[in-house]
Amino acid sequence: MTVNHSEEGKSPTRKHTALPKAEILIEALPWLTRHHGKTVVIKFGGNAMVDEELKAAFAQDVVFLRHAGLRPVVVHGGGPQISRALDQHGIVSEFKAGLRVTTEEAMDVVRMVLAGQVQRELVGLLNQHGPFAVGITGEDAHTITATKHTPQIDGESVDIGRVGEITEIDTGAIEALLADGRIPVVSSIARSGDDGHVYNVNADTAAAALAAALGAETLMVLTDVEGLYEDWPNSDEVISRLTASELEKLLPELSSGMVPKMRGCLHAVRGGVTTARVIDGRVQHSILLEIFTDEGIGTMVVPDEQGES
């Protein structure tokens, strides 16, 4: 029999070209094992919501989690899209205490944009990969109940319209969807339990409340920064890990945009969620990098008793 030595010599080389892929998969193995069957709540926002490539990568990540045996739940707001729609309707966007003043007229637009535009697009992107995503709002099946939120500014109560403060979470509809192998996509609007009105709810707060109520393993909040900075603006060093108590001390010093995100992380871990993470949504596949690699990215918040582990 004639042996072709040149072909024989090529074989190991061809195999070795795939080795880095195998190493990546093996690195993910302990994380896959740890997270299998666990619920992960992901707050979708920031640049990832408006950049086409980032949106597509986000959808791939979420479907990957589903195929890897996790139970992802997506919660979204839609600040840029709402502002654009309000402009088109000739309604001025105004913010007080870091929250959008939402008149009755503006609430109709908010509801239309969140449930009819942002959610529909996200469900469509996810469902390019299979029949997974189902869109619901906080109104559906009493998922999120809220009451009118009246913030304090300089010691005075300020009326900011149809902005809600969450009073109750009913996870029944989401649990049913998860049990059926679906990916719930939740718009952050809620109905009031007392006056019957519909309210605009901060999406970071809604994601945190849902994560705690679902007993999620992880809350992930996508942002437009690398994480929580050690000493911004003097340094761009990111704090990779901190405890709930350490975060609580830092809250008064944070920028207004980070406060609801970090308050949400604090609420989640104090409500039983194992870890809460703020990650850079401008990085493609940031969700997979955070969950399935040794290094991770962004800032992770853990309960106090885990701080020294």
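Structure first, text after, so check above.
Presented here is a report on the structure given in the accompanying data block.

## Examining the sheet that holds strand E5 (residues 133–137)
Adjacent strands of a sheet form backbone hydrogen bonds with each other and so pair up, either parallel or antiparallel.
Item 1. Sheet architecture is open: eight strands sit in the order E5-E10-E2-E1-E13-E15-E16-E14, paired in mixed fashion. Single-partner strands in this sheet number two, and they are E5 and strand E14 (241–243). Averaged over all pairs of adjacent strands, the angle between strand axes in this sheet comes to 20°, irrespective of strand direction.
Item 2. For strand E15 (residues 275–280) and strand E16 (residues 299–302), the ladder comprises three bridges, and the chain directions are antiparallel.

## What about the environment of Ile-153?
Item 1. In this structure, Ile-153 sits in strand E7 (residues 152–153).
Item 2. With 75 residues separating them along the chain, Ile-153 and Gly-78 place their C-alpha atoms 25 Å apart.
Item 3. Ignoring anything within four residues of it in the chain, the contact list for Ile-153 reads Lys-96, Ala-97 and Val-158.

## Considerations on the packing of aromatic side chains
Item 1. Enumeration according to the criterion identifies two aromatic pairs in this entry.
Item 2. Relative to Phe-58, the ring of Phe-44 has its centre 4.1 Å away and its plane inclined at 25°; by these criteria the two rings are stacked. Of this pair, Phe-44 sits in strand E1 (residues 39–44) while Phe-58 is found in helix H3 (residues 52–67), placing the two residues 14 residues apart along the sequence.
Item 3. Classification of Phe-58 as buried rests on a relative accessible area of 3%.
Item 4. Judged by centre distance (5.9 Å) and plane angle (65°), the ring pair of Phe-64 and Phe-292 falls under edge-to-face. Taken together, the residues Phe-64 in helix H3 and Phe-292 in helix H10 (residues 286–292) connect sequence positions 228 residues apart.

Parameters at a glance
- What you see as residue numbers is a count from 1 along each chain, following the sequence as written.
- Two thresholds apply to this predicted model, a pLDDT of at least 70 for residue-level local features and 80 or more for giving and counting side-chain atom pairs, whereas whole-chain, interface and lining totals are computed over all residues.
- Side-chain metrics in this entry use all non-hydrogen atoms of the structure; hydrogen atoms and water are not considered.
- Strand pairing follows a simple DSSP-based rule, namely that at least 2 bridges must link the two strands.
- Every helix listed is a DSSP run of H or I at least four residues long, and every strand listed is a run of E at least two residues long, numbered separately from the N terminus.
- Whenever a helix is involved, its axis is fitted only over the stretch in contact; in every case the axis is a line through C-alpha atoms, and angles between N-to-C directions fall within 0 to 180 degrees.
- The contact criterion used is simple: two residues touch if any of their non-hydrogen atoms lie within 4.5 Å.
- Two rings from Phe, Tyr or Trp (for Trp, the six-membered ring) form a pair when their centres are within 6.5 Å of each other. A pair whose planes differ by under 30 degrees is stacked, one over 60 is edge-to-face, and the rest are tilted.
- Burial classification: accessible surface area is computed with a 1.4 Å probe over protein chains only, and a residue below 20% of its type maximum counts as buried, one above 50% as exposed, and the rest as partly exposed.

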